[in-house]
Amino acid sequence: MHDLRHGCVSVLLALGVPPRTVMDIVGHSTLEMTMTVYGHVSLDDKRAALDQLGGLLDDGVEE
């Protein structure tokens, strides 16, 4: 059950559900608990963020 709770928080955040709403859904008393303990960043999210950064850096380089 514990793993499902972590997964639920991570999936809801990945879907773009506001963190405060996720906190209320899972019954946490603080946003910090939701975001730092239960909210896990997926490898796909990390790749997407770094791809965006790479795109910005590529746009700034003149050939």
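In what follows, the accompanying structure is described. Note that the coordinates shown come from a computational prediction; the quantities given were computed from them, not determined experimentally. (Residues numbered from 1 in each chain as written. Predicted model: local features only at pLDDT ≥ 70, side-chain atom pairs only at ≥ 80, totals over all residues. Heavy atoms only, no water.)

Val-9, Leu-12, Val-22, Val-26 and Tyr-38 together form the largest nonpolar core, which totals five residues. Those elements giving two or more residues to this core turn out to be α1 (2-14) and α2 (19-26). Setting aside residues up to four positions removed in sequence, Leu-12 forms contacts with Val-17, Val-22 and Ile-25. (Core = buried A, V, L, I, M, F, W, Y, C linked by side-chain atoms within 4.5 Å. Buried < 20%, exposed > 50% of the residue type's maximum accessible area, 1.4 Å probe, protein only. Helix = DSSP H or I, 4+ residues; strand = E, 2+ residues; numbered from the N terminus. Contact = heavy atoms within 4.5 Å.)

Let us now look at a nonpolar patch on the surface. Taken together, the side chains of Leu-50, Leu-53 and Leu-57 define a hydrophobic patch exposed on the protein surface, amounting to about 310 Å² of accessible area. Judged by relative accessible area, Leu-53 falls into the partly exposed class, the value being 43%. (Patch = residues over 30% accessible without salt bridge, like charges linked within 9 Å, V, L, I, M, F, W, Y side chains within 5 Å. Areas by Shrake-Rupley, 256 points an atom, 1.4 Å probe, with all protein chains shown as cover. Salt bridge = Lys/Arg side-chain N within 4 Å of Asp/Glu carboxyl O.)

Contact pair α1 / helix α3 (residues 31-38): the axes reach a minimum separation of 10 Å and the direction vectors enclose 100°. Considering their axes alone, α1 and α3 lie roughly perpendicular with respect to each other. In contact with His-2, Arg-5, His-6, Val-9, Ser-10 and Leu-13 of α1, α3 contributes Thr-34, Met-35, Val-37 and Tyr-38. Taken together, the residues that form the contact of α1 with α3 break down as five nonpolar, four polar and one charged. (Axes fitted to C-alpha atoms, helices over the stretch in contact; angles between N-to-C directions. Parallel < 35°, antiparallel > 145°, perpendicular 65-115°, else oblique. Nonpolar A, V, L, I, M, F, W, Y, C, P; charged D, E, K, R; others polar.)

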